[in-house]
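Given next are the chains, with one letter for each unit.
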Amino acid sequence: MSQLAVYVLIGAVSGIISGLVGIGGGTIIVPALVLFCGLTQHQAQGTTLAIMVPPIGLLAAWQYYRCGYVDLKIAALICAGFFLGGLLGARIATSMQSLWLERLFGCVLVTLGVKMLFFPK
């Protein structure tokens, strides 16, 4: 399979999972870029952040909005915080060694997984 096809496949699978359960960028694309495409943790995270610049989730968000599942006030407030927090997080991440960044990323994923599996709301 060509590298171009791998990238498109990662995007398609991430889009399906994102639309289905509301995750994608950090939890699907970053590990896929590291495991299947040979990117470093820094490259995978930076590339994934670049993906979020255009409104890629617009159609999925529109579908949820049409069904009454989107609170625009909450979304706008989180977006504002994400805008500034993303800059701070990127500055910290780019100053870290790749090994420690990878470990931190893994800890976050494991923590979220344990919470979702054993302590659902």
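Reading the values: rules and limits
- Residues numbered from 1 in each chain as written.
- Predicted model: local features only at pLDDT ≥ 70, side-chain atom pairs only at ≥ 80, totals over all residues.
- Heavy atoms only, no water.
- Helix = DSSP H or I, 4+ residues; strand = E, 2+ residues; numbered from the N terminus.
- Buried < 20%, exposed > 50% of the residue type's maximum accessible area, 1.4 Å probe, protein only.
- Contact = heavy atoms within 4.5 Å.
- Patch = residues over 30% accessible without salt bridge, like charges linked within 9 Å, V, L, I, M, F, W, Y side chains within 5 Å.
- Areas by Shrake-Rupley, 256 points an atom, 1.4 Å probe, with all protein chains shown as cover.
- Salt bridge = Lys/Arg side-chain N within 4 Å of Asp/Glu carboxyl O.
- Expected span 1.5 Å × (residues − 1).
- Bend = angle between axes of the 7 residues up to and from the residue.
- Polar contact = N/O pair within 3.5 Å; in protein donor to acceptor, adjacent residues only side chain to side chain.
- Axes fitted to C-alpha atoms, helices over the stretch in contact; angles between N-to-C directions.
- Parallel < 35°, antiparallel > 145°, perpendicular 65-115°, else oblique.
- Left-handed = near helix turned anticlockwise from the far one by under 90°.
- Nonpolar A, V, L, I, M, F, W, Y, C, P; charged D, E, K, R; others polar.
- pLDDT = per-residue confidence, 0-100.
- Core = buried A, V, L, I, M, F, W, Y, C linked by side-chain atoms within 4.5 Å.

> So what exactly am I meant to see when it comes to the overall build of the chain here?
When helices and strands are counted, the chain shows six helices and zero strands. Listed N to C, the secondary structure of the chain is α-α-α-α-α-α in terms of helices and strands. In terms of overall dimensions, the chain has C-alpha extents of about 40 × 35 × 30 Å along its principal axes. Burial statistics for the chain: of 121 residues in total, 14% are counted as buried. Long-range pairs, those at least 24 residues apart, make up 48% of the contacts in the chain between residues at least 6 apart in sequence.

> Even after reading the chapter, I still don't get a nonpolar patch on the surface, so can you show me in this structure?
Judged by side-chain polarity, Leu49, Met52, Ile74, Ile78 and Phe82 come together as a nonpolar surface patch covering roughly 490 Å² of accessible area. With three residues, the single largest contributor to the nonpolar patch is helix α5 (residues 72-95). Here Phe82 is to be found in helix α5.

> Could you clarify how one ought to interpret α5 in this entry?
Since one α-helical turn is 3.6 residues long, residues separated by three or four positions face the same way. Taking 1.5 Å of rise per residue, the 24 residues of α5 would be expected to cover 34 Å, and the 34 Å separating its terminal C-alpha atoms lies within 8% of that figure. Along α5, the largest kink reaches about 25° and is centred on Gly85. Among the residues of α5, the N-terminal cap falls to Asp71, whose side-chain oxygen and the backbone nitrogen of Lys73 are separated by 3.1 Å.

> When you look at the packing of helix α1 (residues 3-21) against helix α2 (residues 25-37) in this model, what are you seeing that I'm missing?
To characterise two packed helices, one gives the angle between the axes of the helices and the distance between these axes. For the pair α1 and α2, the least separation of the axes is 10 Å and the interaxial angle reads 155°. Comparing the axis directions of α1 and α2 gives the class roughly antiparallel. As for how α1 packs across α2, the hand of that crossing is right-handed. Only Ile28, Ile29, Ala32, Leu33, Phe36 and Cys37 of α2 make contact with α1, whose side of the interface consists of Gln3, Val6, Tyr7, Ile10, Ser14 and Ile17. Tallied by class, the residues present in the contact of α1 with α2 amount to ten nonpolar, two polar and no charged.

> Would you explain the confidence of the model for the chain in this entry?
Across the chain, the average pLDDT comes to 88, with 99% of residues at or above 70. Per-element mean pLDDT across the chain ranges from 87 in α1 up to 93 in helix α6 (residues 98-118).

> Even after reading the chapter, I still don't get the nonpolar core, so can you show me in this structure?
Nonpolar side chains tend to gather and get buried jointly when the protein is soluble and globular. Grouped together as the largest cluster of nonpolar side chains are ten residues: Val6, Ile10, Ile29, Val30, Ala32, Leu33, Cys37, Leu39, Ala44 and Phe105. For this core, the secondary structure elements donating two or more residues are α1 and α2. Here this core gets five residues from one element, more than from any other, and that element is α2. With sequence-adjacent residues up to four places away left out, Ile29 is seen in contact with Ile10, Ser14, Gly24, Thr48 and Ile51.

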